[in-house]
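# Results of the structural survey
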Amino acid sequence: MGKYNLQKILYVFSSLNELGRVITSNGSVDEITRSALHLILGTVSSSQGTIFHYEPSSFSMENIVQRGLDGAVRLSFPLAEGDLNTLLLAPQVFDVGQGPESLQAFTSRHRDHLEAAQAALLAPLRGGDELVGLLTVGKRFSGGEYSEEDLQILSMMSQQLSVVLYNQQLFL
């Protein structure tokens, strides 16, 4: 194992540890999600991302925090029939431009919203068998492709973020 790989592994472990500390802190949900987003984006080398909370009463994704985007842009959007099931069955992390036909239909239907969020990757946030939100991640700083390892790291971190949003729903 090269020195670079060891440094990357140590950085990822440190980031996961820090994310665990953030999500178990006594801060407000807004503070926790903001800190979590910054940490997640830094770990996968992106400066742009959003966290959406799924609002069942309006069947919509409501933007609760964003980074690296024009703050004046309203990013929340209604879901179409079938979107909920599509996101529940989707992989933990997927590329906006790739994936099975059902995901391509979702990304095509919500193209304007995803472009406004400058989303390159999506991670449906699930608590058990419920959709609790959606994480978007923009392109890498370097402009390069995300590696399989990046997707695995993002998957682990988004699962931890899901717990925060799921617990928030339980106490509302």
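These numbers were taken from a predicted model, which means no experiment stands behind them. (Residues numbered from 1 in each chain as written. Predicted model: local features only at pLDDT ≥ 70, side-chain atom pairs only at ≥ 80, totals over all residues. Heavy atoms only, no water.)

## Re the sheet that holds strand β2 (residues 60-67)
- The strand order across the open sheet built from six strands is β3-β2-β1-β6-β5-β4, with neighbouring strands paired in antiparallel fashion. The strands lining the two open edges of the sheet, one partner per strand, are β3 (77-78) and β4 (94-95).
- Of the strand pairs in this sheet, β2 and β3 are connected by two bridges, and their pairing is antiparallel. Bridging across to β3, M61 finds its partner in F77.
- Against the sheet, helix α2 (residues 29-43) touches β1 (49-55), β2 and β6 (130-137), its axis set at about 70° to β2. (Pairing = 2+ DSSP bridges. Helix = DSSP H or I, 4+ residues; strand = E, 2+ residues; numbered from the N terminus. Contact = heavy atoms within 4.5 Å. Axes fitted to C-alpha atoms, helices over the stretch in contact; angles between N-to-C directions.)

## What to know about the side chain of S60
- Assignment of secondary structure puts S60 in strand β2.
- A polar contact of 2.6 Å, which involves the side chain of S60, links it to the side chain of S58.
- Of the polar contacts made by the side chain of S60, one reaches the side chain of E62; its length is 2.6 Å.
- If sequence neighbours within four positions are ignored, S60 has contacts with H53, Y54, E55, F77, P78 and L79. (Polar contact = N/O pair within 3.5 Å; in protein donor to acceptor, adjacent residues only side chain to side chain.)

## Comments concerning the nonpolar core
- With 22 residues, the main nonpolar core has I51, L125, L135, V137, L154 and L161 as its most contacted residues.
- For this core, the secondary structure elements donating two or more residues are α2, β5 (121-127), β6 and α6 (148-170).
- Here L161 is in contact with T33, A36, I40, I51, L125 and L135, once residues within four sequence places are set aside.
- Judged by nonpolar contacts, the second largest core, of 19 residues, contains L79, V96, A117 and L131. (Core = buried A, V, L, I, M, F, W, Y, C linked by side-chain atoms within 4.5 Å. Buried < 20%, exposed > 50% of the residue type's maximum accessible area, 1.4 Å probe, protein only.)

## Overview of helix α4 (residues 101-109)
- For α4, the set of buried residues is L103, F106 and T107. Within α4, the buried residues cover an arc of 95° as seen down the axis, which keeps them to one side.
- Residues of α4 that are buried sit in contact with β3, α3 (83-89), β4, α5 (111-116) and β5. (Arc of directions from axis to C-beta.)

## A word on the pairing of β1
- Here β1 lies mainly inside the structure; six of its seven residues are buried.
- For β1 and β2, the ladder comprises seven bridges, and the chain directions are antiparallel. The residue of β2 that forms the bridge with T50 is Q66.
- Between β1 and the antiparallel strand that follows it, β2, lie four residues; F59 among them carries a positive phi value of about 50°.
- In the sheet, β1 pairs with β6 via five bridges, with the strands oriented antiparallel. Residue pairing for β6: T50 is matched across the bridge by T136.

Any functional reading would require information beyond the geometric quantities listed.
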